[in-house]
Amino acid sequence: GIQVEQSPPDLILQEGANSTLRCNFSDSVNNLQWFHQNPWGQLINLFYIPSGTKQNGRLSATTVATERYSLLYISSSQTTDSGVYFCAVFDYKLSFGAGTTVTVRA
Amino acid sequence: DSGVTQTPKHLITATGQRVTLRCSPRSGDLSVYWYQQSLDQGLQFLIQYYNGEERAKGNILERFSAQQFPDLHSELNLSSLELGDSALYFCASSVENSLAANTGELFFGEGSRLTVL
């Protein structure tokens, strides 16, 4: 199956800082999603982005399918951005990376 | 709110017992997926149903089984529970699925947190 690697594994930010999370995948995909798992365990859809660039408020994402990677940008981070960010790609199932744990300090 | 409903939210039981987790997909979604999230294994795919039929199987133990009913809700049955089955169990749904390639976005419920004592 498809391998999904996320980096960095952990990220500590000061409130207001910007950051970039990376997701590499081992094969071509037709579906790539970014999720935020909040401290209560909820998996929240951030982006459905098989290719191209999308923006939603302070978050944006870019997927370069031909080079098999996706980036998630967090700008002007807030404490509510803390949690684990997952990238997931679909072959016959949604395969998740190990996640990036983001801690935003006030 | 993703529109996917899971019950119960929390469940505490003893080893050897059997539990049933329930999932109602988003209105109009035909595909249901079950995932297990444990501390040491991350998010693992268990099984998928599409319009009542099993479509794909992942790392699902033989002690576990699932089904999707005509009204499209799904149940995950966990039996002969062991301490290691303690985890967060997620259900997700999507509107479409093809055997070749899924292009539908998956939406996850809030999960059922199972604790086996």
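Every value quoted in this text rests on a predicted model; they were computed, and no experiment measured them. (Residues numbered from 1 in each chain as written. Chains lettered and ligands numbered in written order. Predicted model: local features only at pLDDT ≥ 70, side-chain atom pairs only at ≥ 80, totals over all residues. Heavy atoms only, no water.)

Visitor: Just checking my understanding: could you explain the state of the cysteines for this structure?
Guide: Overall, the coordinates contain 2 disulfides over all chains when judged by the stated rule. Put simply, A:C23 and A:C87 are joined by a disulfide, and their sulfur atoms are 2.0 Å apart. Because the sign of the S-S torsion sets the handedness, a value of about -55° for the bond joining A:C23 and A:C87 places this disulfide among the left-handed ones. Taken together, the positions of A:C23 in strand β3 (residues 19-25) and A:C87 in strand β9 (residues 83-90) put the pair 64 residues apart, joining distant regions of the chain. In this structure A:C87 comes out as buried when scored by relative accessible area, which is 0%. Across the disulfide, B:C23 is cross-linked to B:C91 (sulfur-sulfur distance 1.8 Å). On the sign convention where negative means left-handed, the S-S torsion of about -55° between B:C23 and B:C91 marks this disulfide as left-handed. Residue B:C23 is located in strand β3 (residues 19-24), and its partner B:C91 is located in strand β9 (residues 87-94); the two are separated by 68 residues in the primary sequence. Taken individually, B:C23 and B:C91 each receive the classification buried, so the pair is uniform in this respect. (Disulfide = S-S within 2.5 Å. Helix = DSSP H or I, 4+ residues; strand = E, 2+ residues; numbered from the N terminus. Buried < 20%, exposed > 50% of the residue type's maximum accessible area, 1.4 Å probe, protein only.)

Visitor: Is there a simple way to think about the sheet that holds strand β1 (residues 4-7) of chain A in this case?
Guide: The strands making up a sheet are joined through hydrogen bonds of the backbone, oriented either antiparallel or parallel. Residue and element names in this part refer to chain A. Reading across the sheet, the 5 strands line up as β1-β3-β8-β7-β6 and stay open at both edges, with antiparallel pairing between neighbours. Two strands close off the open sheet at either side, each with one partner strand: β1 and β6 (52-56). Within this sheet the neighbouring strands show an average axis-to-axis angle of 15°, counted without direction. By the bridge criterion, 6 bridges tie β3 to strand β8 (residues 69-74) in an arrangement that is antiparallel. Within β8, the position partnered with C23 by the bridge is S70. (Pairing = 2+ DSSP bridges. Axes fitted to C-alpha atoms, helices over the stretch in contact; angles between N-to-C directions.)

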